[in-house]
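Structural overview for review
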Amino acid sequence: MARAPIIIVEDEALFSELLQTTLSKEEGVEVIGVAKDGETAVKLADEVKPDAILMDIELQGSIDGIEAALQIKQHHPKTGIVILTSHRDRRYLTSLPLETSTGWAYLLKQSVQDIDSVVRAIQGSIMGMVVLDPAVMGGLRPRQGSALVKLTPRQQQVLELVAQGYNNAAIAKRLTLTEKSVETYIHAIYQELQLANEQDSHARVKATLYYPENSDSAK
């Protein structure tokens, strides 16, 4: 399997080194560049044209990770961006143009339990998906009056896993279901959210975005 070339943008030297070491052992990705500030990240992306970038928000230099990501996306719209941050504040998530630009992931450093979730987010962003941290999803409650409240508990469970970047086979494994059952649940979710006529990849993105857009922070 070809390894996806990626850049790590992180100004904490120890954490950056940890990511490099850990990701170098993964078959699906290859670290081809490292930067510790936004300006260098933008220049490096122009030079090496990675498939994806793992980006912190707080960086050295005059531009933060969000601004660097937006500049990179403007010049390289197909490059996946994985925001890996300690910030839970929804304003950082909502500052990303998720509705008009695909290939984004938002992960919280403190809730990433294993490297698999990082790799899954990287791969999802490369495929044009939107991937959200489970802690971000878990901190939301469906707004009254939205279609989300009509979903069954199992359908909401499946939708949360879709939003975390799991494919149907992985969802089936986690929930001890058949892939056919997962497909049935996802079809029902699309019907409820009025996404049944969308291509699956577009529907997955829109279903993922529907959750934070139609939910409130849990008290």
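I will try to describe carefully the structure that is included in this document.

Observations concerning the packing of helix α7 (residues 153-163) against helix α10 (residues 200-213)
Running from amino to carboxyl end, α7 crosses α10 at an angle of 110°, the nearest separation of the two axes being 9 Å. The orientation of α7 relative to α10 falls into the category roughly perpendicular. Touching Gln 156, Leu 159, Glu 160, Val 162 and Ala 163 of α7 are Arg 204, Ala 207, Thr 208 and Tyr 211, all from α10. Residues of the contact of α7 with α10, tallied by class, amount to 5 nonpolar, 2 polar and 2 charged.

Some thoughts on the packing of aromatic side chains
Taken as a whole, this structure holds 0 aromatic pairs when the rule is applied. If you follow Arg 120 out to its NZ or CZ, it ends over the ring of Tyr 166, 3.7 Å from the centre.

Some remarks on the pattern of salt bridges
Pairing is possible between side chains that carry opposite charge, provided their charged atoms lie close to one another. Applying the stated criterion across every chain yields a total of 4 salt bridges. Across the pair Glu 198 and Lys 206 runs a salt bridge, and its minimum N-O distance is 2.7 Å. On the basis of relative accessible area, Glu 198 is assigned to the partly exposed category, the value being 30%. Between Arg 204 and Asp 200 there is a salt bridge whose closest N-O contact spans 3.7 Å.

Considerations on α10
Between its first and last C-alpha atoms α10 spans 20 Å; for 14 residues at 1.5 Å apiece the expected length is 20 Å, and the two agree. What α10 keeps buried is the set Ala 203, Arg 204, Val 205, Ala 207, Thr 208, Leu 209, Tyr 210, Tyr 211 and Pro 212.

Reading the values: rules and limits
Residues numbered from 1 in each chain as written. Predicted model: local features only at pLDDT ≥ 70, side-chain atom pairs only at ≥ 80, totals over all residues. Heavy atoms only, no water. Axes fitted to C-alpha atoms, helices over the stretch in contact; angles between N-to-C directions. Helix = DSSP H or I, 4+ residues; strand = E, 2+ residues; numbered from the N terminus. Parallel < 35°, antiparallel > 145°, perpendicular 65-115°, else oblique. Contact = heavy atoms within 4.5 Å. Nonpolar A, V, L, I, M, F, W, Y, C, P; charged D, E, K, R; others polar. Phe/Tyr/Trp six-rings, centres within 6.5 Å; stacked < 30°, edge-to-face > 60°. Lys NZ or Arg CZ within 6 Å of the ring centre and 35° of its normal. Salt bridge = Lys/Arg side-chain N within 4 Å of Asp/Glu carboxyl O. Buried < 20%, exposed > 50% of the residue type's maximum accessible area, 1.4 Å probe, protein only. Expected span 1.5 Å × (residues − 1).

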